[in-house]
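Observations on the model geometry
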Amino acid sequence: RRHQEAGPKLHRTGWAAAAAYLAIAIGLAGVSKPISQIRFGSPEYIYGYVIAWVSEGIFYDDTRMLRMAVDAAEQRSDRLSAWESPLDLGDRVAVVQVESLDWDVIDARVDDQWVMPFLRDLKTRSICYMIRPFHETGTSDADFCLLTGLMPNGKIAPFRIEGFPYHDTLPHLASQRGYTCVAMHGNTGNFFFRRPAYQQMGFSQICFSEELREMGCPMQNGEVEDDVLLRLSAEWLKAAKRPTLHFIITLTSHGPFDRLRPEQRELFPNPSGKVEAYLNCMRYVDRALASYLDALPEGTVLVLYGDHESKVRGYGETPHRGERVPWLMHCKGRNLAEQQRTRGMPWTQSGELRMLDAVTYLHRSLKEYEVA
């Protein structure tokens with residue numbers, strides 16, 4: 001009889017836990033991530049974040065977290081300086097953080113066609129590394145590292161930590177070299193607490209979805225699609241009268257990979273699962289990046305990297321390499337592969353390099369080259 005009574009009790013406990021989870025999720029989303037921005041099939045504003053929000057609310061300690069973040073930032077990694085000469089960045093630079101870009105997907109095929117033919121070709125004409133990104137607390141680990149040149153703390157979204165000293169950031173360094181620095185992202189400024197941190201970094205202009213909406217950019221479910229964002233960046237870079245650096249974060253290929261409209265699904269018009277949905281997204285991103293490079297002025301330096309892996313399996317011909325993403329540096333009109341001294345060295349294509357190694361090389365190039 002005791003076993004017979006335990007079943008209903010477990011069911012009641014389970015339903016109570018589920019109801020509590022849902023109540024907390026909706027409550028937090030109503031305050032921190034507006035419920036109006038949630039759409040069916042796009043659960044990232046609730047699913048996966050509610051536990052983190054609750055944990056941070058219980059255990060968050062400003063002083064301890066700041067000390068931990070500063071200690072983590074003291075760590076350095078610079079395996080490339082001994083090999084590579086600083087890159088002349090010229091007067092037009094575009095740094096693009098591509099959402100969910102696996103290293104493996106660039107060489108993946110569907111039937112007899114490459115999923116990302118543009119990036120696959122671009123690799124042959126670019127400085128190219130396989131890197132291990134930072135992804136302990138989410139996407140913002142990657143742009144924190146890129147913009148600060150520092151290692152994220154690995155415990156909490158880095159931009160949330162108040163009082164962090166944003167000195168010698170990429171925008172600060174670029175501004176000192178005469179660049180106008182613009183940040184662009186099709187999501188809201190409060191996602192991952194980016195806006196207040198970006199405002200401290202020295203950007204001349206910050207364009208999240210709020211600003212882009214006011215500019216008249218077409219919106220899709222409250223977001224700006226990648227091709228629209230990249231087209232706007234290209235227009236601004238062409239029209240710029242002084243050296244300009246754009247930092248761009250893409251969005252359309254964010255999991256669960258359901259943001260594409262039917263007419264944008266090129267490889268699988270009716271995707272039957274996550275693999276097909278992901279490959280559709282990557283083909284869309286490849287096309288958007290190809291159009292972007294084509295529209296950029298000659299001599300523009302394009303730095304492109306994945307923020308983290310997709311966690312999608314089963315689409316490649318070789319075993320998946322896990323948390324490995326590409327880092328490419330290309331100059332329109334030039335073949336930078338010819339000046340990459342480490343090209344062909346196994347450790348640059350094995351995932352031994354960390355994102356901080358590549359970021360340190362980029363920051364060093366910015367420091368050592370004066371803009372005319």
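1. Some thoughts on the overall build of the protein chain
For the protein chain, the helix and strand inventory stands at 11 helices and 10 strands. Expressed as a percentage of its 372 residues, the buried residues of the protein chain come to 53%. With an accessible surface of roughly 16,800 Å², the protein chain has 53% of that area assigned to carbon and sulfur atoms.

2. Examining helix H11 (residues 355-368)
The end-to-end C-alpha distance of H11, which contains 14 residues, comes to 20 Å, matching closely the 20 Å that a straight helix rising 1.5 Å per residue would cover. Buried-residue contacts for H11 involve strand E4 (127-132), helix H5 (140-148), helix H6 (170-176), strand E8 (301-306), strand E9 (325-331) and strand E10 (353-354).

3. So, the layout of surface pockets
Quantified by volume, the second largest pocket comes out at close to 260 Å³. Looking at the second largest pocket, the residues that line it are Arg76, Ser77, Asp78, Thr148, Gly149, Leu150, His167, Asp168, Thr360, His363, Arg364 and Lys367. Of all the elements, H11 adds the most residues to the lining of the second largest pocket, at 4 residues. When its residues are assigned to classes, the lining of the second largest pocket shows 1 nonpolar, 6 polar and 5 charged.

4. Overview of empty space enclosed by the protein
Counted under the stated rule, the structure contains 2 cavities of 30 Å³ or more. Lining the second largest cavity we find Glu99, Thr139, His185, Asn187, Phe191, Phe192, Arg194, Ile249, Thr250, Leu251 and His254. For the lining of the second largest cavity, the residue count by class is 4 nonpolar, 5 polar and 2 charged.

5. Quick look at unusual backbone geometry
The linkage connecting Gly255 with the following residue, Pro256, adopts the cis geometry, with an omega of 10 degrees. In this structure, Asp168 takes a positive phi of about 55 degrees despite not being glycine. Unusually for a residue other than glycine, Phe257 sits at a positive phi of about 65 degrees. Residue placement: Phe257 occurs in the loop between strand E7 (244-249) and helix H10 (274-295).

6. Notes on the nonpolar core
Within the largest apolar cluster, 57 residues are counted, with the highest numbers of intra-cluster contacts made by Leu146, Tyr198, Phe203, Phe247, Trp327 and Met355. Considering every element that reaches this core, the biggest residue donor is H11, with 7 residues. Ignoring any residue separated from it by four or fewer positions in sequence, one finds Phe203 in contact with Leu147, Pro171, Cys181, Val182, Ala183, Tyr198 and Phe247. Counting residues in hydrophobic clusters, the runner-up holds 50 residues, among them Cys207, Leu229, Ala234 and Phe268.

7. Thoughts on the pattern of salt bridges
Here the structure, examined in full by the defined rule, presents 16 salt bridges. One salt bridge in this structure joins Glu210 and Arg195, with 3.1 Å as the shortest N-O distance. Pair noted here: Glu210 is in helix H8 (residues 209-214) and Arg195 is in helix H7 (residues 194-200), with a separation of 15 residues, a long-range link. Ionic pairing is found between Glu266 and Arg283, a salt bridge with its closest N-O pair at 2.6 Å. Of this pair, Glu266 sits in the loop between E7 and H10 while Arg283 is found in helix H10, placing the two residues 17 residues apart along the sequence. Here Glu266 falls in the partly exposed class, since its relative accessible area comes to 40%. One connected set of salt bridges, linked through shared partners, spans Asp107, Arg120 and Lys123.

The rules behind the values
- Residues numbered from 1 in each chain as written.
- Predicted model: local features only at pLDDT ≥ 70, side-chain atom pairs only at ≥ 80, totals over all residues.
- Heavy atoms only, no water.
- Helix = DSSP H or I, 4+ residues; strand = E, 2+ residues; numbered from the N terminus.
- Buried < 20%, exposed > 50% of the residue type's maximum accessible area, 1.4 Å probe, protein only.
- Areas by Shrake-Rupley, 256 points an atom, 1.4 Å probe, with all protein chains shown as cover.
- Expected span 1.5 Å × (residues − 1).
- Contact = heavy atoms within 4.5 Å.
- 1 Å grid on protein atoms, 1.4 Å probe; cavity = no way out; pocket = protein on both sides within 12 Å on 5 of 7 lines; lining within 4 Å.
- Points joined across faces, edges and corners; volume = space filled by probe spheres on them.
- Nonpolar A, V, L, I, M, F, W, Y, C, P; charged D, E, K, R; others polar.
- Core = buried A, V, L, I, M, F, W, Y, C linked by side-chain atoms within 4.5 Å.
- Salt bridge = Lys/Arg side-chain N within 4 Å of Asp/Glu carboxyl O.

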